[in-house]
Amino acid sequence: MNSYEDLEKIYRPSATIIIAAKDPVKEYGYDYRILLAKRTMRTAYAPDHFVFPGGVHDANADDDIKWLEYFEEFGIYADDLNKLCLEHLPNRPQPLMTNKTHVSRDISLRLTAVREAFEEVGLLLCLSREQYRREHKGCATSHQKFNRFHWQEKVHNDPYEFLNLCKFLDVVPDIWSLHEWSIWRSPPASLKKYDTILYIVALEQKPQLLLEPTEVEEELWISPKRALHLFKERHIWLPPLQFYELSRLSNILSWSKLRDFAKHRAAFGSTLLMLAYHRCYDSLVGTLPNDDFYPKSPEDHKETIVLSESLSSFESKAKNIHRLIYNDMYDISIVCNIPPIDNHLSPTQKFENSKL
């Protein structure tokens with residue numbers, strides 16, 4: 001067994017979707033809402049937390065050669081699928097974006113993301129034969145006129161049933177409207193560890209969801225800035241990944257600009273983001289890539305690096321800063337003075353009170 005196979009047993013491959021739906025009523029100046037799903041206490045990952053929908057890659061179901069055969073039935077061949085693949089880029093995280101059996105990870109992880117969105121919230125992003133032949137405008141389409149409850153239960157119990165669902169409806173997963181947004185790895189000290197690719201998808205209106213009761217307790221359609229304010233005010237709890245990405249999203253008020261930016265930026269791929277923690281005596285600091293104190297091999301630091309100095313002393317030693325600073329679970333701030341990585345957005349660092 002090689003080291004990449006070992007690593008994938010530790011950091012389980014997974015995929016998540018940031019769903020941005022257009023909304024005619026502006027909130028904090030935004031004409032769209034982001035979907036946050038509150039996990040139930042019964043879930044293995046992030047119980048009682050508000051997260052983007054997503055889940056674990058199933059190597060058998062999502063990497064099945066039968067998907068390639070089914071795509072071909074639609075007139076979608078290898079050359080068409082290869083247009084979504086970024087294996088040529090130097091920043092592809094290994095093994096998440098390089099391991100495969102039959103299907104490129106750029107395809108199979110999109111299948112994971114679409115499948116998990118249906119499993120968790122009943123949102124089926126798909127295209128009919130006619131819809132596929134049309135020009136794609138960068139926003140997704142969904143299908144709701146079928147027995148979603150029956151099929152959601154089947155897919156939830158067996159990931160292989162997702163392909164059967166697509167065959168039953170004569171549709172293909174709308175993987176073309178999923179634009180790569182970022183890639184994160186859990187810190188080494190996490191009890192459950194994942195390598196997670198985030199995609200973003202734009203919807204022209206909010207869909208009617210069907211929440212899977214064992215996994216999702218509540219849906220929250222919310223603008224990025226309001227989500228951050230609710231977190232700061234201790235009304236909801238966001239894991240660091242969600243906090244950081246909502247901070248990036250808060251830079252764009254317009255749904256159409258967000259859609260266009262995401263589609264353009266995706267071609268640059270994603271540098272792996274993994275928090276490496278340092279403990280000052282008055283704060284916890286999570287460094288990120290290109291910070292002067294970011295370790296060369298962060299996955300080797302299984303414990304927090306303990307420092308015998310204050311936060312201000314630690315900060316004074318760094319010229320290039322890219323980090324999260326924790327005073328407690330809700331009092332988190334981002335400090336970043338480096339240029340955006342991968343042609344991306346810089347996270348917003350200050351949040352001022354606003355009214356709806």
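Residues numbered from 1 in each chain as written. Predicted model: local features only at pLDDT ≥ 70, side-chain atom pairs only at ≥ 80, totals over all residues. Heavy atoms only, no water.

(A) How the structure looks around the sheet that holds strand E15 (residues 332–336). Pairing within the open sheet is mixed, and its five strands lie in the order E13-E11-E12-E14-E15. Of all strands in the sheet, those bounded by a partner on one side alone are strand E13 (305–306) and E15. Across two bridges, the pairing between strand E11 (residues 276–279) and E13 is parallel. Across the sheet, residue Arg279 finds its bridge partner in E13, namely Val306. Its contacts with the sheet place helix H9 (residues 240–249) against E11, strand E14 (322–326) and E15, and it is angled at close to 120° to E14. (Pairing = 2+ DSSP bridges. Helix = DSSP H or I, 4+ residues; strand = E, 2+ residues; numbered from the N terminus. Contact = heavy atoms within 4.5 Å. Axes fitted to C-alpha atoms, helices over the stretch in contact; angles between N-to-C directions.)

(B) Quick peek at helix H2 (residues 65–73). Along H2, the residues classified as buried are Trp67, Tyr70 and Phe71. All buried residues of H2 project into a common sector of 100° when viewed along the axis, lining one side. Where H2 is buried, its residues contact helix H3 (78–82), helix H4 (105–121), helix H7 (161–169) and strand E6 (172–173). Capping the start of H2 is the job of one residue whose side-chain oxygen sits 2.9 Å from the backbone nitrogen of Lys66: Asp64. (Buried < 20%, exposed > 50% of the residue type's maximum accessible area, 1.4 Å probe, protein only. Arc of directions from axis to C-beta. Polar contact = N/O pair within 3.5 Å; in protein donor to acceptor, adjacent residues only side chain to side chain.)

(C) Geometry of the environment of Ser177. Relative to the helices and strands, Ser177 is located in the loop between E6 and strand E7 (179–185). Distance from Ser177 to Tyr160, taken between C-alpha atoms, is 22 Å for residues 17 residues apart in sequence. Excluding residues within four positions of it along the chain, Ser177 makes contact with Gly138, Cys139, Ala140, Ile200 and Val201. For Ser177, the side chain forms a polar contact with the main-chain oxygen of Cys139, separated by 3.2 Å. Of note is the side chain of Ser177, whose polar atom sits 3.0 Å from the side chain of Asp174.

(D) Region of the structure containing the packing of H2 against H7. Between H2 and H7, whose axes approach to 11 Å, the crossing angle comes to 10°. Here H2 lies roughly parallel to H7, going by the angle between them. Of the residues in H7, those touching H2 at Lys66, Trp67 and Tyr70 are Phe162, Leu163, Cys166 and Lys167. Taken together, the residues of the contact of H2 with H7 sort by class into five nonpolar, no polar and two charged. (Parallel < 35°, antiparallel > 145°, perpendicular 65-115°, else oblique. Nonpolar A, V, L, I, M, F, W, Y, C, P; charged D, E, K, R; others polar.)

(E) Spotlight on the environment of Ile341. Its place among the elements puts Ile341 in the segment after E15. Separated by 306 residues in sequence, Ile341 and Leu35 have C-alpha atoms that sit 25 Å apart. Sequence-distant contacts of Ile341, that is, excluding residues within four places in its chain, are made with Thr271, Pro289, Asn290 and His322.

(F) A look at the pattern of salt bridges. One pass over the structure, following the stated rule, counts 23 salt bridges. Note that Glu217 is salt-bridged to Lys38, the shortest N-O span being 3.6 Å. Placement of the pair is Glu217 in strand E9 (residues 216–222) and Lys38 in strand E2 (residues 30–39), with a sequence separation of 179 residues. Using a relative accessible area of 45% as the deciding quantity, one classes Glu217 as partly exposed. As a salt-bridge pair, Glu309 and Lys317 come within 3.1 Å of each other at their nearest N and O atoms. Using a relative accessible area of 53% as the deciding quantity, one classes Lys317 as exposed. If you follow the salt bridges from partner to partner, you end up with Asp23, Glu27, Arg33, Lys206 and Arg226 in one network. (Salt bridge = Lys/Arg side-chain N within 4 Å of Asp/Glu carboxyl O.)

Remember, this is a structural readout, not a statement about activity or role.
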